[in-house]
Amino acid sequence: MTPTPLPFTQFVVKVHSRCDLACDHCYVYEHADTSWRRRPKVIGDEVLEAAAERIGEHAAAHRLPAVRVVLHGGEPLLAGPDRLRRAAESLRAALPSGCALDLRIHTNGVLLSRAFCALFAELDLKVGISLDGDKAANDRHRRFADGRSSHPQVLRAVALLNEPEYRHLFAGLLCTMDVENDPVAVYRALAELRPPAVDFLLPHATWDERPKRPAELGATPYADWLLTVHGLWEADGRPFAARTFESVHRTLRGFSSLTESLGLEPSDLAVLETDGTFEQADSLKTAYDGAPATGMNVFAHSLDDLARHPGIAARQSGLAGLSEACRACSVVCSCGGGLYAHRYRSDDGGGSFDHPSVYCGDLMTLINGLAGAGGSAAVPTQGGEQLPDGALLPGALTPAQLDELAHGYGSADTVATLGRSQLALTRAMLAAAWDASGQGRPEAWALLSALDLAAPAAVDTVLAHPYARAWAARRLAGDLSVGLGPLAALAAAAAVRAGRGDAVAVPVRGGWLHLPTLGRIAVPDGEAVVTGRAGGFEVRASDGSVRTVLDEPLRRVRLAGGWTVALEDTDPLRDCHDHPVADRLTDGELLDWTGALREAWELLGRDLPEYAEGIRTGLATVTPLRPGPTGRDVSSAARQAYGAVGIARPATAPTLALLLAHEFQHVKLGAVLDLTDLYDRTDSALYFAPWRPDPRPIEGLLQGTYAHLAVTEYWGTRTLAYDGLAGEAADRARAQLALWRRYTADAVDRLVESGALTALGVRFADGMRESVTPWLSVRLPAAAERAADRARQERGQLRLTEA
């Protein structure tokens, strides 16, 4: 199946193709690729304008909240201040409203002057500098063509960036390691410069041009060198960010990597050369002459065209794009096969990247060493699912959309954006699960791949079904009891929807063949062959019998305005909710559900119109749950079932409306968290929510607070509707508003005070506070406040009792 190309969010723009140093380890001039010789020295105005336009249109098309652009070379300072100003101004002017520009320049530092720093301060352009350590280490490779040292000039440049007026421009240092340099001396020299970050890079190498390995340094000298530096870094209290070490620590815990050279994150980087040609990652220049070439240019091709290039797709394919040996490796989620360029070898019958990294042994030793020094084996993430590395997708929300969601709401366009990101995540997880399974049932995968090209709408419809991802999540969490049958069922359902005559075998267990989004058919256990026909299907069972009709079709309820929602009571994977699911609804139960949903939808449209718009766009499925204890309403949202909520039908339609709004808040926030880090995912503290007796992880507090924004507004609008009226319903609404507005406001304060939120998380919490604050000013009768106080006191007593 062809994965949906991910948008680029990072761009390297080459503004000058020559350099004033002659570093002998440079991949641009000293390795296999020679394309620099044929390129103009300086980027022209027309290329700059076209590049800015392409980046701007790409950001607008994909609603990117921010892009990072690195001005590069060669040596970019050789382009001069006027050219750099032109680049910055063109890029900033071309971006759509709401898309921030993170503009950077990476330089060897030789030409950095006070005048350049003043310009960069004006342009808000951050500066990264290449420096390999102390003078002896730096002089080993980074010299002028005549052999002179560049070290004094680089130190002068760093000193400039450390001056108070320019310190905010200092992005960090890049250190290319050499195992013959003293790691202690290198670390101390770099740490003394007080950089905000240091990237320790392996020197570029391939299986054709292997890295040096002095015999006296052992079998894994690069790992040993890095582990020495890591020990010093930890002992000093991690004085600067170090993406190499942090990425290993993060991926060992199941989180995303911070660098392309580790982990399974899809690449989101595009490179533009001075002549306007698009290239893949610069590191590919070390593989063979012409390796980064795409045949595309900024004048004739869009960035979406570039994203579909096979070379780019290969670097976005995660686990599926790795060699067989890598896929079977115990540290693959941290290593990710290493940097793509480092996998190349030409003696495999044609030359390919389908190999482990030439640093394979070093990466294994480094990862295991860091795991023993404070990392840990991969652990389940949210909801207990072990997500494939890379599940945190690049941000697709604009700042305005994120602010809208922070206030609790979500327009049709915003929720549709969440839906698109979730579909992409489902595709990625299915691919990872299939790979991890040893690529079993290849005929099912091959059919999905073929249909994805021939009938993409059919495949999208099936994969957008909320429980399509549940199988992948369980397989990736190590639950092999689900088998590979659900994958074949997805292919069969897509074949039926496509109606092209495609056939696929599906295993049958328990007497039912389930077709996601369609329903199920009673057939004997064994293997049934499903064939999609124009306008229907044929199922040939293991006993030779043929079925052409669903015995239990998936039923849908049409609501006001033509919107339909499925009542899912057939999918065997719907049990991913944390409450038992109901059996197949009887005709009478179906009628009860239909009436309740229609009334609840009318109430949502009337009382919560700003929530209803998003619900209509994103809620595809309601899964009936079994009733809870007497008098208790039961509802649930499953973290890996976007678009579905589980509910045990309550006694009244107003309660159903409240439960729909409450649970869909969890659905939305789960999708936001797949796109954006709102909290420190390494935070292990527990926090009390005002409405619960037991402490919760930070995400639990965040989820509960977000859901109760809708609860507060629900009771607030009902209170306003009862203005001037008396009666039990009016009294209950007022008491509930008094209770939930205070609970929710207190919870927002606890989130902010936790210290576990990221800067974006604090901004998100501010949005929640702005939504709940107006309800705090609504005057309520004293009786309502007393009732709310009693409820809070009872909850506090329960907490003390359980403690």
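Above this text you will find the structure in question.
Residues numbered from 1 in each chain as written. Predicted model: local features only at pLDDT ≥ 70, side-chain atom pairs only at ≥ 80, totals over all residues. Heavy atoms only, no water.

1. Overview of the packing of helix 16 (residues 442-454) against helix 19 (residues 485-498)
Okay, so step 1: Relative to each other, helix 16 and helix 19 sit at 35 degrees, their axes nearing to 9 Å. Here the hand of the crossing between helix 16 and helix 19 comes out left-handed. Between helix 16 and helix 19, the residues in contact are A444, W445, L447, L448 and L451 and L487, A488, L490, A491, A494, A495 and A498, respectively. (Axes fitted to C-alpha atoms, helices over the stretch in contact; angles between N-to-C directions. Helix = DSSP H or I, 4+ residues; strand = E, 2+ residues; numbered from the N terminus. Left-handed = near helix turned anticlockwise from the far one by under 90°. Contact = heavy atoms within 4.5 Å.)

2. Comments concerning the packing of helix 23 (residues 698-721) against helix 25 (residues 759-776)
Each pair of packed helices can be summarised by the angle the axes make with each other and by the distance between the axes.
Okay, so step 1: Running from amino to carboxyl end, helix 23 crosses helix 25 at an angle of 20 degrees, the nearest separation of the two axes being 10 Å. One element, helix 23, and the other, helix 25, form an angle in the roughly parallel class. As for the relative orientation of helix 23 and helix 25, their crossing is left-handed in sense. For the pair formed by helix 23 and helix 25, the contact residues are L702, T705, Y706, L709, T712, E713, G716, T717 and L720 on the first element and F764, M768, S771, V772 and W775 on the second.
Okay, so step 2: Taken together, the residues of the contact of helix 23 with helix 25 break down into eight nonpolar, five polar and one charged. (Parallel < 35°, antiparallel > 145°, perpendicular 65-115°, else oblique. Nonpolar A, V, L, I, M, F, W, Y, C, P; charged D, E, K, R; others polar.)

3. Brief notes about unusual backbone geometry
Okay, so step 1: Cis geometry marks the peptide bond from G73 to G74; its omega dihedral reads 15 degrees.
Okay, so step 2: Inspection of the secondary structure assignment puts G74 in the loop between strand 2 (66-72) and helix 2 (81-94).
Okay, so step 3: Look at D124: it is not a glycine, yet its phi comes out positive at around 55 degrees.
Okay, so step 4: A positive phi angle, near 55 degrees, is found at R194, a position not held by glycine.

4. Some words on the packing of aromatic side chains
Okay, so step 1: In total, this model carries 18 aromatic pairs according to the counting rule given.
Okay, so step 2: Seen in terms of ring centroids, W233 and F245 are 5.3 Å apart; in terms of plane orientation they differ by 45 degrees. Their pairing is tilted. You can see W233 sitting in helix 7 (residues 221-235) and its partner F245 sitting in helix 8 (residues 243-252), a full 12 residues away along the chain. For the pair W233 and F245, a shared accessibility class is recorded, and that class is buried.
Okay, so step 3: Seen from their ring centres, Y344 and F353 are 5.1 Å apart, and the 50 degrees between their planes marks the pair as tilted. With respect to burial, Y344 and F353 carry one shared label: buried.
Okay, so step 4: Each residue in the set F200, W225, W233 and F245 is aromatic and connected to the rest through ring pairs, giving one cluster. (Phe/Tyr/Trp six-rings, centres within 6.5 Å; stacked < 30°, edge-to-face > 60°. Buried < 20%, exposed > 50% of the residue type's maximum accessible area, 1.4 Å probe, protein only.)

5. Side note on the sheet that holds strand 17 (residues 555-558)
Paired through their backbone hydrogen bonds, the strands of a sheet run either parallel or antiparallel.
Okay, so step 1: One open sheet accounts for five strands, arranged 17-18-19-21-20; its pairing is mixed. Taken across any chain shown, the strands that pair with only one partner, and hence form the sheet edges, are strand 17 and strand 20 (635-636).
Okay, so step 2: With four bridges joining them, strand 17 and strand 18 (residues 564-567) adopt antiparallel strand pairing. In the sheet register, R556 faces strand 18, and the bridge partner there is A566. (Pairing = 2+ DSSP bridges.)

6. Looking at the sheet that holds strand 12 (residues 519-522)
Okay, so step 1: Pairing in this open sheet of three strands is antiparallel, and the strands run 11-12-16 from one edge to the other. Looking at strand neighbours, the two that pair on one side only are strand 11 (512-515) and strand 16 (552-553), the edges of this open sheet.
Okay, so step 2: Alignment of strand 11 against strand 12, held across four bridges, turns out to be antiparallel. In the strand pairing of strand 12, L513 is matched with I521.

7. Concerning the pairing of strand 12
Okay, so step 1: Between strand 11 and strand 12, which follow one another and run antiparallel, lie three residues, and T517 among them has a positive phi close to 75 degrees.
Okay, so step 2: One ladder, built from two bridges, connects strand 12 with strand 16; its direction is antiparallel. Looking across to strand 16, one finds that G519 is bridged to P553.

8. Things to note about helix 3 (residues 114-123)
Okay, so step 1: Taken together, the buried positions of helix 3 are F116, C117, L119, F120 and L123. The buried residues of helix 3 occupy an angular sector of 160 degrees when projected down its axis, which confines them to one face. Turned more than 90 degrees away from the buried face of helix 3, the exposed residues are A115 and E122.
Okay, so step 2: Of the surrounding secondary structure, the elements contacted by the buried residues of helix 3 are helix 2, strand 3 (100-107), strand 4 (125-130) and helix 5 (151-161). (Arc of directions from axis to C-beta.)

9. Some remarks on the side chain of T220
Okay, so step 1: Note that T220 resides in the loop between strand 6 (198-201) and helix 7.
Okay, so step 2: Excluding its chain neighbours within four sequence positions, the residues that come into contact with T220 are R213, G361, D362 and T365.

10. A word on the nonpolar core
Okay, so step 1: Of all hydrophobic cores here, the largest spans 89 residues; its most connected members are L71, F120 and F200.
Okay, so step 2: Setting aside chain neighbours within four positions, we find F120 in contact with L77, L84, I105, L112, L125, V127 and L169.
Okay, so step 3: By size, the runner-up hydrophobic cluster in this structure holds 81 residues, among which are L397, L659, L701 and W740. (Core = buried A, V, L, I, M, F, W, Y, C linked by side-chain atoms within 4.5 Å.)

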